[in-house]
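# Chains, contacts and geometry: an overview
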Amino acid sequence: MTASTIPPHEQSDNTGNAESRAHTPPDWWDQHRPVTSDEYSDMALMFGALSILTFWMFGLGILLGAAAIGTALAARRPDTPGRDLGDNTAGVVGILTGIAGIAFGAVFLTAALPHL
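## Side note on the packing of helix H2 (residues 60-76) against helix H3 (residues 92-112)
Between H2 and H3, the shortest axis-to-axis distance is 8 Å and the interhelical angle comes to 160 degrees. Taken as axis vectors, H2 and H3 run roughly antiparallel relative to one another. For the pair H2 and H3, the sense of crossing is left-handed. Only Val92, Gly94, Ile95, Gly98, Ile99, Gly101, Ile102, Gly105, Ala106 and Leu109 of H3 make contact with H2, whose side of the interface consists of Gly61, Ile62, Gly65, Ala66, Ala68, Ile69, Ala72, Leu73 and Arg76. Taken together, the residues that form the contact of H2 with H3 break down as twelve nonpolar, six polar and one charged.

Next comes the structure, spelled out in structure tokens:
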């Protein structure tokens, strides 16, 4: 085994010792920042899409659809930060996908429960 030829004072600082470096969280990880209307709309769309994908899981699609409608309604509130009062489209897709997930889940449950 050969020894390092780099003098100790010139070696890199990446020695794996994470405690020696100061921990600074990224800028997007500000937990005290309020959630904006666009973020609520994105969450509603994700919950709605998941509710449609999981309609066959005996009620999970219905719960996710309800979460999609709730977050979409939160995006449409006038006091939500970043909400443009002239824009009426905030959260509409989340509401529609949530309703579709609830409808698909209800149809599946009514079709599947008699056969259990």
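## Digging into the packing of helix H1 (residues 37-53) against H2
Packing of H1 against H2 leaves a shortest axis separation of 8 Å and a crossing angle of 165 degrees. The orientation of H1 relative to H2 falls into the category roughly antiparallel. Note on packing geometry: the crossing formed by H1 with H2 is left-handed. Note on element contacts: H2 touches H1 through Gly61, Leu64, Gly65, Ala67, Ala68, Thr71, Ala72, Ala74 and Ala75, opposite Ser37, Tyr40, Ser41, Met43, Ala44, Phe47, Gly48, Leu50 and Ser51. Of the residues belonging to the contact of H1 with H2, the class tally is eleven nonpolar, seven polar and no charged.

## Some thoughts on H1
For H1, with 17 residues, the first-to-last C-alpha span of 24 Å sits near the 24 Å given by 1.5 Å per residue. Every buried residue of H1 is listed here: Ser37, Ser41, Ala44, Gly48 and Ser51. The buried residues of H1 occupy an angular sector of 90 degrees when the element is viewed end-on, so they sit on one face. Pointing more than 90 degrees away from the buried face of H1 are the exposed residues Asp38, Met46 and Leu53.

## Focus: the packing of aromatic side chains
Note on aromatic pairs: each is described by the distance of the centres and the angle between the planes. This model, assessed by the stated rule, comprises three aromatic pairs. What links up through ring pairs into an aromatic cluster is the set Phe55, Phe58, Phe104 and Phe108.

## Let's talk about H3
For H3, spanning 21 residues, the distance from its first C-alpha to its last is 30 Å, which sits close to the expected 30 Å at 1.5 Å a residue. For H3, the full list of buried residues reads Gly94, Ile95, Thr97, Gly98, Gly101, Gly105, Leu109 and Ala112. Check the buried side of H3 and you find it contacts H1 and H2.

## Brief notes about the side chain of Thr71
Within the secondary structure, Thr71 sits in helix H2. Engagement of the side chain of Thr71 in a polar contact is seen with the backbone oxygen of Ala68, the distance being 3.2 Å. In this view, Thr71 contacts Tyr40, Met43, Ala44 and Phe47; residues no more than four positions away in its chain are not counted.

Cut-offs applied
- Residues numbered from 1 in each chain as written.
- Predicted model: local features only at pLDDT ≥ 70, side-chain atom pairs only at ≥ 80, totals over all residues.
- Heavy atoms only, no water.
- Axes fitted to C-alpha atoms, helices over the stretch in contact; angles between N-to-C directions.
- Helix = DSSP H or I, 4+ residues; strand = E, 2+ residues; numbered from the N terminus.
- Parallel < 35°, antiparallel > 145°, perpendicular 65-115°, else oblique.
- Left-handed = near helix turned anticlockwise from the far one by under 90°.
- Contact = heavy atoms within 4.5 Å.
- Nonpolar A, V, L, I, M, F, W, Y, C, P; charged D, E, K, R; others polar.
- Expected span 1.5 Å × (residues − 1).
- Buried < 20%, exposed > 50% of the residue type's maximum accessible area, 1.4 Å probe, protein only.
- Arc of directions from axis to C-beta.
- Phe/Tyr/Trp six-rings, centres within 6.5 Å; stacked < 30°, edge-to-face > 60°.
- Polar contact = N/O pair within 3.5 Å; in protein donor to acceptor, adjacent residues only side chain to side chain.

Interpretation in functional terms is not warranted from these geometric data alone.
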